[in-house]
Amino acid sequence: MYHTSFYLRRLHSLVGLLVLGVVIFEHIFTNSMAMGGAAALNGALAMMELIPRPVFLAIEVCGIAVPLLFHGIYGIYIALQANTNARHYGYSRNWQFTLQRATAWYLVAFLIWHVGYLRVFTKGVTGTPISYELLQNLFTSSPITTVLYIIGMFAAIFHFTNGITTFCMTWGIAKGPRCQKVINFLSMCLCVVLCLITLAFMASYFVM
């Protein structure tokens, strides 16, 4: 049982780093096209539509959905066993540990809503293509939706970037305290940069 848990935790961290990282960077890159206006974002979305549907579906299911389900389900199992002590010990890593768990819970609900509404219902059921106009109408017509989406993006970004440090510690890449501090600092810098880009492309829906 010990060895099973050992390998599952490493697989959990590896899947989180690779799959969540790819999803976040692709999502931010594509959505950042909104800063160039409707033509730029719609052009980027159209490029993705050039991928043959069976191939695209296989990537979505086998390359994204299944790995993220494993990461999420096993992550919930880990979170239920974890003891947070940020209130007792005010170290930054303890607070990051707590936020890592909190963002995980938020992301479960956020992804069900986000993927369920846009990918499954809007695109899959109604056949409505995702476009700049659709997203602009969605965000500008509902401040609550906009706030929940931004929080969801921030949660995903923090969960991923903080997970970089956790991954390096879990896999023995960052063995000493100094190395861990450097990686953690760089990871949090990346977190800030990605959050600022998110705010920038979200703002573009309101000013264009």
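For the structure given in this document, a descriptive report is provided here. (Residues numbered from 1 in each chain as written. Predicted model: local features only at pLDDT ≥ 70, side-chain atom pairs only at ≥ 80, totals over all residues. Heavy atoms only, no water.)

### A closer look at the overall build of the chain
Within the chain, the secondary structure is distributed over seven helices and zero strands. Helices and strands in the chain line up, N terminus first, as α-α-α-α-α-α-α. Against the globule reference of 17 Å for 208 residues, the chain gives a C-alpha radius of gyration of 18 Å, in line with a compact fold. Dimensions of the chain along its principal axes, counting C-alpha atoms only, are 50 × 35 × 25 Å. Considering only intrachain contacts with a sequence separation of at least 6, the fraction spanning at least 24 residues in the chain is 75%. As presented, the chain carries roughly 12,200 Å² of accessible surface, and 74% of it is formed by carbon and sulfur atoms. (Helix = DSSP H or I, 4+ residues; strand = E, 2+ residues; numbered from the N terminus. Rg over C-alpha atoms; globule rule 2.2 N^0.38 Å. Contact = heavy atoms within 4.5 Å. Areas by Shrake-Rupley, 256 points an atom, 1.4 Å probe, with all protein chains shown as cover.)

### Things to note about the side chain of H71
For H71, the position within the fold is in helix α3 (residues 53-81). Here H71 is in contact with H12, V15, G16 and H159, once residues within four sequence places are set aside.

### Let's talk about the environment of F6
You can see F6 is positioned in helix α1 (residues 2-32). On the basis of relative accessible area, F6 is assigned to the partly exposed category, the value being 30%. With 180 residues separating them along the chain, F6 and L186 place their C-alpha atoms 27 Å apart. (Buried < 20%, exposed > 50% of the residue type's maximum accessible area, 1.4 Å probe, protein only.)

### A few points about the pattern of salt bridges
Inspection of every chain in the model, using the stated rule, returns two salt bridges. Among the salt bridges present, the one from E49 reaches K123, with a minimum N-O distance of 2.9 Å. With E49 in helix α2 (residues 38-49) and K123 in helix α4 (residues 92-125), the pair connects residues that are 74 residues apart, well separated along the chain. When its relative accessible area of 45% is taken as the criterion, E49 is described as partly exposed. On the basis of relative accessible area, K123 is assigned to the partly exposed category, the value being 22%. Note that R119 is salt-bridged to E60, the shortest N-O span being 2.7 Å. In this pair, R119 sits in helix α4 while E60 sits in helix α3, placing the two residues 59 residues apart along the sequence. The exposure class of R119 is partly exposed, given its relative accessible area of 26%. (Salt bridge = Lys/Arg side-chain N within 4 Å of Asp/Glu carboxyl O.)

### A closer look at helix α6 (residues 143-170)
Between its first and last C-alpha atoms α6 spans 39 Å; for 28 residues at 1.5 Å apiece the expected length is 40 Å, and the two agree. Helix geometry: α6 is bent most strongly at I164, by close to 30°. Phi turns positive one or two residues past the end of α6, at G172, with a value near 75°. (Expected span 1.5 Å × (residues − 1). Bend = angle between axes of the 7 residues up to and from the residue.)

Remember, this is a structural readout, not a statement about activity or role.
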